[in-house]
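# Breakdown of the fold
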Amino acid sequence: MEGRDDQPTADVESGARLRPSAVRSRGAVTWPSVDGPLGVSWEEAETSARRFFFWGFAFLPLLWAVNCFYFWPVLVSKASPSSSPHFNRIRSYVVWSSIGFVIFAVLLTAWALTFAIGGEHLFGPMWKDLVMYNLADKLQLTGLM
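Residues numbered from 1 in each chain as written. Predicted model: local features only at pLDDT ≥ 70, side-chain atom pairs only at ≥ 80, totals over all residues. Heavy atoms only, no water.

## Things to note about the overall build of the protein
Looking only at helices and strands, the protein has six helices and two strands in total. Counting from the amino terminus, the protein carries its helices and strands in the arrangement β-β-α-α-α-α-α-α. By residue count, 32% of the 145 residues in the protein fall in the buried class. (Helix = DSSP H or I, 4+ residues; strand = E, 2+ residues; numbered from the N terminus. Buried < 20%, exposed > 50% of the residue type's maximum accessible area, 1.4 Å probe, protein only.)

## A closer look at the UniProt feature "transmembrane region" (unreviewed entry) in the protein
Per the UniProt record, "transmembrane region" (unreviewed entry) is found at residues 52-72 and 93-117. Here residues 93-117 runs as 100% helix and 0% strand, with 35 Å between its end C-alpha atoms. (UniProt positions renumbered as here; feature names shortened; annotations may be inferred.)

## With respect to a nonpolar patch on the surface
On the surface, Val34, Phe69, Trp72 and Val76 cluster together into a nonpolar patch covering about 420 Å² of accessible area. Relative to the assigned elements, valine 34 resides in the loop between strand 2 (28-30) and helix 1 (42-56). The class of valine 34 is partly exposed, set by a relative accessible area of 38%. (Patch = residues over 30% accessible without salt bridge, like charges linked within 9 Å, V, L, I, M, F, W, Y side chains within 5 Å. Areas by Shrake-Rupley, 256 points an atom, 1.4 Å probe, with all protein chains shown as cover. Salt bridge = Lys/Arg side-chain N within 4 Å of Asp/Glu carboxyl O.)

## Remarks on the nonpolar core
Trp42, Ala45, Ala49, Phe71, Val74, Ile90 and Val94 are the most contacted members of the largest nonpolar core, which has 15 residues in total. Residues within four places of alanine 45 in sequence aside, it is in contact with Pro32, Val40, Phe71 and Ile90. (Core = buried A, V, L, I, M, F, W, Y, C linked by side-chain atoms within 4.5 Å. Contact = heavy atoms within 4.5 Å.)

## So, the packing of aromatic side chains
All told, the structure shown has twelve aromatic pairs when counted by the stated rule. For the pair phenylalanine 54 and tyrosine 93, a centre-to-centre distance of 6.2 Å together with 70° between the ring planes defines the contact as edge-to-face. A residue pair is termed long-range when its members are at least 10 positions apart, and phenylalanine 54 in helix 1 and tyrosine 93 in helix 4 (residues 87-123) qualify at 39 residues. Through pairs of rings, three or more aromatic residues link up here, namely Phe53, Phe54, Phe57, Trp64 and Tyr93. (Phe/Tyr/Trp six-rings, centres within 6.5 Å; stacked < 30°, edge-to-face > 60°.)

Here's what the structure looks like:
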């Protein structure tokens with residue numbers, strides 16, 4: 001990167017030296033992660049994005065949110081021909097992570113609101129079997145102490 005004229009060797013705002021993972025697109029320098037010039041390389045970023053994406057399916061959908069946050073520069077950037085070859089692969093993992101997290105958040109919110117707002121009016125007499133606040137009474141654990 002030192003010998004190339006089309007890319008700067010230091011970040012103008014922070015003065016930090018750019019890692020080889022920085023990509024210049026439309027006059028702006030972008031990095032694969034929010035760490036900026038101190039962040040990971042494109043290869044490491046692709047591995048991390050893929051891991052976050054697939055582990056999100058293992059009932060850990062908050063990793064999808066972490067994936068979106070950590071790779072925010074890739075998520076909001078447009079792909080260009082001068083982008084890193086890893087850019088499109090990372091972007092696909094991050095975009096699908098954002099879609100997965102939005103679906104998870106909508107389902108979780110709908111589930112929580114169903115129980116919070118609906119309650120006994122929505123479920124009728126079955127409500128007493130669904131709620132957990134009377135579990136000690138059901139199992140007759142209140143007289144032990």
